[in-house]
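Spelled out from the first residue to the last, the chains are:
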Amino acid sequence: LSSGINAEWPLRPGEHISAVLEDCVDQLAVLGAILQIPDPPPHSQSNALDQIAHMLNGQKQLESRFEEVMNSTESPSLRTADTTSLKMNMKITAQALFKGIKQNPLAAENLIKLQNDRQYLEDLIAEALEEVSTDNSFDGLIRATVDEKEKKSKLQETILREEEARRKVRALQRQLVDLKKSTENEIQTRNEMIAHLKDQLQETRAKTTMEKRYIEKECQVQKQMNNKKCTMVEADLQAELERLQAQLDEENKVNAETETWVRKHHDMLQEQVEVWMDKYETEVDKKSEELSQLKATKANGLLKLQELTQKYTEYEEVVLEDRDLKEKARLALLKSEQEVVCATKLQAWWRGVMVRRGLGPYAKKKKGKKGKGKKGKGKKGKKGGK
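Residues numbered from 1 in each chain as written. Predicted model: local features only at pLDDT ≥ 70, side-chain atom pairs only at ≥ 80, totals over all residues. Heavy atoms only, no water.

Participant: Explain the overall build of the protein to me, please; I cannot follow it from the model alone.
Facilitator: When helices and strands are tallied, the protein shows 7 helices and 0 strands. Put simply, the protein has 386 residues, and 11% of those count as buried. When contacts within the protein are restricted to residue pairs at least 6 apart in sequence, those whose partners lie at least 24 apart make up 67%. For the protein, the exposed area adds up to about 34,000 Å²; of that, 58% sits on carbon and sulfur atoms. (Helix = DSSP H or I, 4+ residues; strand = E, 2+ residues; numbered from the N terminus. Buried < 20%, exposed > 50% of the residue type's maximum accessible area, 1.4 Å probe, protein only. Contact = heavy atoms within 4.5 Å. Areas by Shrake-Rupley, 256 points an atom, 1.4 Å probe, with all protein chains shown as cover.)

Okay, here's the thing in structure tokens:
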């Protein structure tokens, strides 16, 4: 934005903007001085609010009546006449409501709101003018505009939510009317059902009395037949009892004979048990003697095992010491062999160096004085090199 302003006013664009903003502030101040807020008459506000509330209630009643007429099942001609009259009444009520709102003393409050908005705008432009004059920018004005947009959007959302709530309330009212109609129909059907059930109850009571008498007679006849059957069954059971008594006497005789035989057999088995107990004691004595001998043999074996274990540990220590000595000797021999190899390699390297450089016995011998002079120079050079 500042680049565009600089392109349009290359010298000092801030002065032009400041002039425009000062003009706006002056006009708003003049508007504030001209605008006068009248004082409303006493008790006029409450009376006007009551009238508006009364008109709104009448309007809502007309709307609900209109919806009932539209949902009714009357003839089309009657429904058309009702809807026409309701539309006229709704139109008259709406006109009266708008007229009351226009003549409402709350217009003073609208003027107060207008005065507050004018004062807020004047302060905002004054702050923007100061910011343009000092910082050559109007970020504060942009921020205020963004804030007002956010407030307006929130207010719009609130209005939309209120409208949605009103629509839901109307839908619920319609559902309530339908529910009332359905409950009334259901109550009527249930009353009819109750009357029908009362008639059935009386018929059922008459039937039950007749069935009761019939059942009582049938029970008496059944009782007599059962008594006869019981006497016959009692005679059969008496005969069965006598037969079972005879069987019981016979079983008692058999039981006595069986008892005598069992006692004899028990005495014989008791004698066999005594014989087997004697055998058991003798065999237990023999086995205990064998067990003591085995324990002594085990003790001797354990002593021998301990001696052999001790000898084994001694021999194992000797073997380990011998192994350590052999290992040390092997390592010493290996070390000496490695030292000999390293010394041989070192001597060979040193001999090679002496041969290559002509040192010691491998130095070249020169003839004549020239050779001596050169030789002396060569020695000096070698000394310097060293």
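Next comes the rest of the description.
Participant: Can you help me understand the packing of aromatic side chains in this one?
Facilitator: Aromatic ring pairs: the centre-centre distance and the angle between the two ring planes describe each pair. According to the stated counting rule, one finds 1 aromatic pair in the structure shown. Both rings, one in W349 and one in W350, keep their centres 6.3 Å apart while their planes meet at 45°; by these two values the pair is tilted. Here the basic side chain of K279 rests over the ring of W276, its NZ or CZ set 4.6 Å away from the ring centre. (Phe/Tyr/Trp six-rings, centres within 6.5 Å; stacked < 30°, edge-to-face > 60°. Lys NZ or Arg CZ within 6 Å of the ring centre and 35° of its normal.)

Participant: Would you mind going over a negative patch on the surface with me for this structure?
Facilitator: Together, D267, E271, E274, D278, E281, D285 and E289 give the surface a local cluster of negative charge. Summarising the element assignment, E281 is placed in helix α6 (residues 139-357). E281 gets classed as partly exposed once you look at its relative accessible area, which sits at 45%. (Patch = residues over 30% accessible without salt bridge, like charges linked within 9 Å, V, L, I, M, F, W, Y side chains within 5 Å. Salt bridge = Lys/Arg side-chain N within 4 Å of Asp/Glu carboxyl O. Lys, Arg positive; Asp, Glu negative; His and termini not counted. Charge placed at Lys NZ, Arg CZ, Asp CG, Glu CD.)

Participant: Help me understand the pattern of salt bridges, please; the structure alone is not making it clear to me.
Facilitator: Should their charged atoms come close, side chains of opposite charge can pair. The full count for this structure, using the stated rule, is 8 salt bridges. Linking K326 and D322 is a salt bridge whose minimum nitrogen-to-oxygen distance equals 3.4 Å. With a gap of 4 residues between them, K326 and D322 both fall in helix α6, about one helical turn apart. The class for K326 is exposed, based on a relative accessible area of 55%.

Participant: Looking at this structure, I do not really get α6. What am I missing?
Facilitator: Residues lying three or four places apart along an α-helix face the same way, a consequence of the helix completing one turn every 3.6 residues. Across its 219 residues, α6 extends only 91 Å between first and last C-alpha, which sits more than 12% below the 327 Å expected from 1.5 Å per residue. The positive-phi residue at the C-terminal boundary of α6 is G358, with phi of around 70°. (Expected span 1.5 Å × (residues − 1).)

Participant: Mind showing me how you'd approach the confidence of the model for the protein here?
Facilitator: Atom-level detail of predicted coordinates should not be read off regions where pLDDT is low. Confidence along the protein averages 76 in pLDDT terms, with 68% of residues attaining 70 or more. Note on residues 369-386: pLDDT under 50 across the span, and 4 contacts to partners over four residues away in sequence or across chains. (pLDDT = per-residue confidence, 0-100.)

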